[in-house]
Amino acid sequence: MKKLINDPADVVAEALRGMAIAHPELRVDHTHRIVYRADSPVQGKVGLISGGGSGHEPLHGGFVGPGMLDAACAGEIFTSPVPDQMLEATRNVDGGAGVVHIVKNYTGDVMNFEMAAELAAAEDISVESVIIDDDVAVQDSTYTAGRRGVGATVLVEKLAGAAADQGRGLGEVADVARRVNAAARSMGVALTSCTVPAVGHPTFDLPDTEIEVGIGIHGEPGRERMPVRPAREVAELMLDPILTDLDFAGPDGAIVFVNGMGATPLIELYVMYAEVAAILEKSGIQIARSLVGPYITSLDMAGCSVTLLRADDDLLRLWDHPVNTPALRKGC
Amino acid sequence: MTRASIDVDQVERWIREFARVVADNAQFLTDLDAAIGDADHGINLDRGMSAVVAALDEAPQPDLAALTKKVGMTLVSSVGGASGPLYGAFFLRLAASLGPADAVAAADFAKALRAGVDGVVQRGRAEADDKTMFDALAPALDALDAGLASGSDLASALDRARVAAEAGRDATEGLVARKGRASYLGQRSVGHIDPGATSAAMLIAAAATTFGADG
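A. Summary view of helix α3 (residues 41-58) of chain B. Compared with the 26 Å implied by 1.5 Å per residue over 18 residues, the 26 Å span of α3(B) between its first and last C-alpha is a close match. Turning to α3(B), its buried residues are His41(B), Gly42(B), Ile43(B), Asn44(B), Leu45(B), Asp46(B), Arg47(B), Gly48(B), Met49(B) and Val52(B). Where α3(B) is buried, its residues contact β4 (71-77) of chain A together with α1 (8-24), α2 (26-36), α4 (64-78), α5 (83-98) and α9 (195-213) of chain B.

Structure below.
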């Protein structure tokens, strides 16, 4: 294992320390491992918190700031944070208008956020939980933990964050988040495994000649393996299950998000984006807005994911709303 | 002969024995998890049980409920993932069932273990053959109850429970995972033993070791 780290056990704490120094507009609680907007709680605004295992940077801490999250709770690498963290964050971002929890659909995340929401309710804080489950790679949700929360999480945090920033109420902000999740679908491909620092070797073996299709963001193996192929064909096999799952040919088009898994350079993501755009054009789907870059990663995994969100007027206005966070900044 | 009742000191030794076994097998549990999950079960549970041991070293707990509640709260606050809430629920329910007593009879201890497993089921919504820790715990409790009902002492009943837990653990190898991250693999989860069932079998084995040695 070659990584720019000190003791593998200190990676999360040390990264948070660096983040705090680099971003004085954030306030980091190192004891609870929570990244806050320095000006939180914002009185009268619905608070938005998310959180999850670390290793997906910039998600979630990189999305804390005006127009997006009020706080992010960092767990150990690939391990959900604990209820104490979400409860503490919920208390500290509540500006009197209630708090939305944005939760990726993983067994651990759901259980720990559920416990935190129960504890917050006992303290009379209004909490709305929204579960993100956009990954079409998981097909049969009757016999599984259900679809995973992947790329749509970034879009939900952006769009619900904008809705909260506009002054919408708790129920409305949660509705935006649920609407985005319901209209978004994602699919990912890995070229390599990732290596968890505390483990020290790749989570799975993937030969040089093969790719893993339908991966999640924790190095969990995907749906199937196949030989390496050109970007054009990889784009097809990612978009096929997405376009089969939901109709994106609406009048307002789609917000299209090509995401890097951590070790794939931007030049390859743009090659992929061109291929994705070509397929969408052939399918009669108009691209309303785009996002390309590593926003929800899986440590040092090489690969990418594609997320499509069926747009509407309201979502496009929310997309164009100013946002100012370490990892996503526009209109300000 | 095992003593007729289980006291605070014994339960604490059981918990410390579980912590020791988890620490010794942290890499093994993580390797099992790497095959079908996300390669952190041993690391997380070891972090949690180390925190439990540190908490117990710091302040002795006055009664059975206080002791097991401390264990549950510490696990919930330090483990994360799914195993934090699940093992946490187990010990918190155990605490509620044991109550603030210095000691309980073997039958009441078995009843408390069952309450603990009910807590796991409620939090995780697992059913038999979902390839989870429940697949080791459920047969263990049935064996324990059967042993006690047939007049065995606690040590031999717990030993039957250990054998049943280990058989349940081994049987998860042939199952398709329907809960947790392993479920995303579908058929590809077959052929691997479930890491949660493995650590759960260690919990039962630690009880058999501790209470057996007290006989």
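B. Structural detail: the pairing of strand β11 (residues 287-293) of chain A. Residue and element names in this part refer to chain A. Here six bridges tie strand β10 (residues 254-260) to β11, and the two strands are oriented parallel to one another. Bridging from a neighbouring strand, Phe257 pairs with Leu291 of β11. With helix α7 (residues 266-282) bridging β10 and its parallel neighbour β11, the resulting β-α-β unit is right-handed.

C. Quick peek at α7(A). All names here are of chain A. Under the 1.5 Å per step criterion, the end-to-end length of α7 is 24 Å for 17 residues, consistent within 8% with the ideal 24 Å. Residues of α7 that are buried include every one of Met272, Tyr273, Glu275, Val276 and Leu280, and no others. Summarising the contacts, the buried residues of α7 are in contact with α6 (231-245), β10, β11 and β12 (303-310). Gly284 lies just past α7 and shows a positive phi near 75°.

D. Quick look at the interface of chain A and chain B. At the junction of the two partners, chain A supplies 29 residues and chain B supplies 25 residues. Secondary structure elements with two or more residues in the side of chain A that touches chain B: β4, α2 (83-93) and α3 (107-122) of chain A. At five residues, α3(A) tops the list of elements feeding residues into the side of chain A that touches chain B. Taken together, the residues that form the side of chain A that touches chain B break down as 14 nonpolar, 11 polar and four charged.

E. Looking closely at the sheet that holds β12(A). All names here are of chain A. Read from one edge of the open sheet, six strands run β9-β8-β7-β12-β10-β11, paired in mixed fashion. One side of each edge strand has no neighbouring strand; the edge strands of this open sheet are β9 (224-227) and β11. For this sheet, the mean angle separating the axes of adjacent strands, direction not counted, is 20°. Of the strand pairs in this sheet, β10 and β12 are connected by seven bridges, and their pairing is antiparallel. Bridge pairing in β12 places Gly260 opposite Cys304. In this fold α6 packs onto β7 (184-190), β8 (210-213) and β12, with an angle of close to 155° to the strand it touches most, β7.

F. Region of the structure containing the sheet that holds strand β1 (residues 26-29) of chain A. All names here are of chain A. The six strands lie next to each other as β1-β2-β4-β3-β5-β6, forming an open sheet whose pairing is mixed. The sheet is open, and its two edges are formed by β1 and β6 (127-132), each paired on a single side. The mean angle between the axes of side-by-side strands here comes to 20°, regardless of whether they run parallel or antiparallel. Looking at chain direction, strand β5 (residues 99-104) and β6 are connected through six bridges and run parallel. What sits directly across from His101, in β6, is Ser129.

G. How the structure looks around the packing of helix α4 (residues 152-165) of chain A against helix α5 (residues 170-182) of chain A. All names here are of chain A. α5 packs onto α4 with a crossing angle of 155° between their chain directions and a minimal axis gap of 9 Å. By the angle between their axes, α4 is roughly antiparallel relative to α5. The element α4 and its partner α5 pack so that their crossing is right-handed. Together, Ala152, Leu155, Val156, Leu159, Ala160, Ala163 and Ala164 of α4 and Glu172, Val173, Val176, Ala177, Val180 and Asn181 of α5 make up the contact between the two elements.

H. Quick look at the domain arrangement of chain A. All names here are of chain A. One can read the domain layout of chain A as domain 1 (8-182) and domain 2 (184-319). Each of domain 1 and domain 2 has a C-alpha centre, and these two points are 22 Å apart. In this complex, domain 1 contributes 28 residues to the contact, which on the side of domain 2 involves 31 residues. Breaking the side of domain 1 that touches domain 2 down by element, the ones donating at least two residues are α4 and α5. Examining the composition of the side of domain 1 that touches domain 2, we find that eight residues originate from one element, α4, more than from any other. Residue classes in the side of domain 1 that touches domain 2 are distributed as 18 nonpolar, five polar and five charged.

I. Structural detail: the pairing of β7(A). Most of β7(A) is tucked away: seven of the seven residues are buried. Taking every second residue as pointing to the same face, both faces of β7(A) are buried, with Ala184(A), Ser186(A), Gly188(A) and Ala190(A) on one and Arg185(A), Met187(A) and Val189(A) on the other.

J. Here's a closer look at unusual backbone geometry. Residues and elements named next belong to chain A. Here the amide bond leading from Glu57 into Pro58 is cis, since omega sits at 10°, within 30 degrees of zero. Within the secondary structure, Pro58 is located in the loop between β3 (47-54) and β4. Positive phi is not limited to glycine here, since Asp124 has a value of about 65°. Tracing the sequence through the fold places Asp124 in the loop between α3 and β6. Using a count of 7 C-beta atoms within 10 Å as the deciding quantity, one classes Asp124 as exposed.

Thresholds, definitions, all that
Residues numbered from 1 in each chain as written. Chains lettered and ligands numbered in written order. Predicted model: local features only at pLDDT ≥ 70, side-chain atom pairs only at ≥ 80, totals over all residues. Helix = DSSP H or I, 4+ residues; strand = E, 2+ residues; numbered from the N terminus. Expected span 1.5 Å × (residues − 1). Buried ≥ 20, exposed ≤ 12 C-beta atoms within 10 Å, placed from the backbone. Contact = placed C-beta atoms within 7 Å. Pairing = 2+ DSSP bridges. Right-handed = clockwise from strand over helix to strand, strands pointing away. Nonpolar A, V, L, I, M, F, W, Y, C, P; charged D, E, K, R; others polar. Axes fitted to C-alpha atoms, helices over the stretch in contact; angles between N-to-C directions. Parallel < 35°, antiparallel > 145°, perpendicular 65-115°, else oblique. Left-handed = near helix turned anticlockwise from the far one by under 90°. Domains from an automatic or database assignment.

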